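# Fold and geometry: a report
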Amino acid sequence: MLNKLKQWKRQQGSEDYDERYRELRNHPIPEHIAIIMDGNGRWAKKRAMPRVAGHHEGMKCVRKVTRLANQLGVGTLTLYAFSTENWKRPKMEVEFLMKLPEEFLGTFLPELIEENVQVKMMGATDAIPEHTKRAVQKAIEETKENDGLILNFALNYGSRSEILDGVKHVLNDVRSGILDEEQLTEEVFSTYLMTKNLKDPDLLIRTSGEIRLSNFMLWQLAYTEFWFTDVLWPDFGKEELVEAIEAYQGRSRRFGGLQSEES
């Protein structure tokens, strides 16, 4: 009897999800979703496992979310994989994190190619180990002709550093006569950032109950819709992504203006 009840609940949940998924497709899908993937360590701690086990489980979640985002027609999925501040973590944990892109792309790359996904990366490459850079560069090279979902990894990325580097490049171009100071606008400055070829995110998701940006895309998130969840990243799945997009679709994006009386 108990097994039948569990089976019935799973079936009801599946039917509910399918209906929500179909309804989702009837409304605008965010063109660019950015995710701060948080909670791997806490997920592992709750299970009396080492932190690296949480990171490994989180990698599997990246695969699931990428698939669903691609199916939904999301244009760009940016994932905060490793920040410039993460180097402060224990050496063993950092080394494990730097091996994950190699493992993930080593197993998932054929599927990414088949699904027409294009891999990109933003972040400072100088401190990244050679084996990590090789794996990422191989994925970028082998998917560069794809024109579907852009899977953009923020790896060794820090927004303040990105903005500061952009300012330095602007100053150099002004001094060199390449750029007239009077021509500098927000749109022009955006071309000096690592996301110059990407649309600003429409939706930011952060998992694990933390409500902060952690030096992530500070310029680009100026008018992004935020969605926070207590769910830890390894437990984040299709239901949570659908819920986040549903919340996005229910909001009125005014970009500093006023909502029309008709809407």
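Here goes a summary of the coordinates provided. Bear in mind that the values here come from a model prediction, so they are computed numbers and not experimental data.

The rules behind the values
Residues numbered from 1 in each chain as written. Predicted model: local features only at pLDDT ≥ 70, side-chain atom pairs only at ≥ 80, totals over all residues. Heavy atoms only, no water. Helix = DSSP H or I, 4+ residues; strand = E, 2+ residues; numbered from the N terminus. Contact = heavy atoms within 4.5 Å. Buried < 20%, exposed > 50% of the residue type's maximum accessible area, 1.4 Å probe, protein only. Pairing = 2+ DSSP bridges. Right-handed = clockwise from strand over helix to strand, strands pointing away. Phe/Tyr/Trp six-rings, centres within 6.5 Å; stacked < 30°, edge-to-face > 60°. Lys NZ or Arg CZ within 6 Å of the ring centre and 35° of its normal. Salt bridge = Lys/Arg side-chain N within 4 Å of Asp/Glu carboxyl O.

### A look at the environment of Ile163
Considering the arrangement of structural elements, one finds Ile163 in helix H6 (residues 159-175). Those residues in contact with Ile163 that sit more than four places away from it in its chain are Phe189, Leu193, Leu218 and Trp219.

### Quick word on the pairing of strand S5 (residues 203-206)
Burial of S5 is two-sided: the residues Leu203 and Ile205 facing one way and the residues Leu204 and Arg206 facing the other way are all buried. Alignment of S5 against strand S6 (residues 225-228), held across four bridges, turns out to be parallel. Along S6, the bridge assignment pairs Leu203 with Glu225.

### A short note on the pairing of strand S4 (residues 150-157)
Put simply, side chains in a regular strand alternate between the two faces of the sheet. Here S4 lies mainly inside the structure; eight of its eight residues are buried. Relative to S4, strand S3 (residues 118-122) runs parallel, the two sharing five bridges. Directly across from Met121, in S4, lies its bridge partner Phe153. For the segment spanning S3, helix H5 (residues 130-143) and S4, crossover handedness is left-handed.

### Notes on the packing of aromatic side chains
Following the criterion strictly, the structure yields 10 aromatic pairs and no others. Summarising the aromatic geometry, the rings of Phe82 and Trp87 are spaced 4.9 Å apart at their centres and angled 70° between planes, so their arrangement reads as edge-to-face. According to the relative accessible area criterion, Trp87 is partly exposed, its value standing at 31%. Note on Trp233 and Phe236: the rings are 5.3 Å apart at their centroids and 25° apart in plane angle, and the pair reads as stacked. Residue Trp233 is classed as buried on the basis of its relative accessible area of 1%. The exposure class of Phe236 is buried, given its relative accessible area of 0%. Here the aromatic residues Tyr80, Tyr157 and Phe216 are joined through ring pairs into a cluster of three or more. The aromatic ring of Tyr17 is capped on one face by Lys238, whose charged end is 4.6 Å from the ring centroid.

### Re the pattern of salt bridges
Following the criterion strictly, the structure yields 17 salt bridges and no others. Residue Arg63 pairs with Glu111 through a salt bridge whose shortest N-O separation is 3.1 Å. A residue pair is termed long-range when its members are at least 10 positions apart, and Arg63 in helix H3 (residues 51-72) and Glu111 in helix H4 (residues 91-114) qualify at 48 residues. The class of Arg63 is partly exposed, set by a relative accessible area of 27%. Across the salt bridge formed by Glu111 and Arg67, the nearest N and O atoms sit 2.6 Å from each other.

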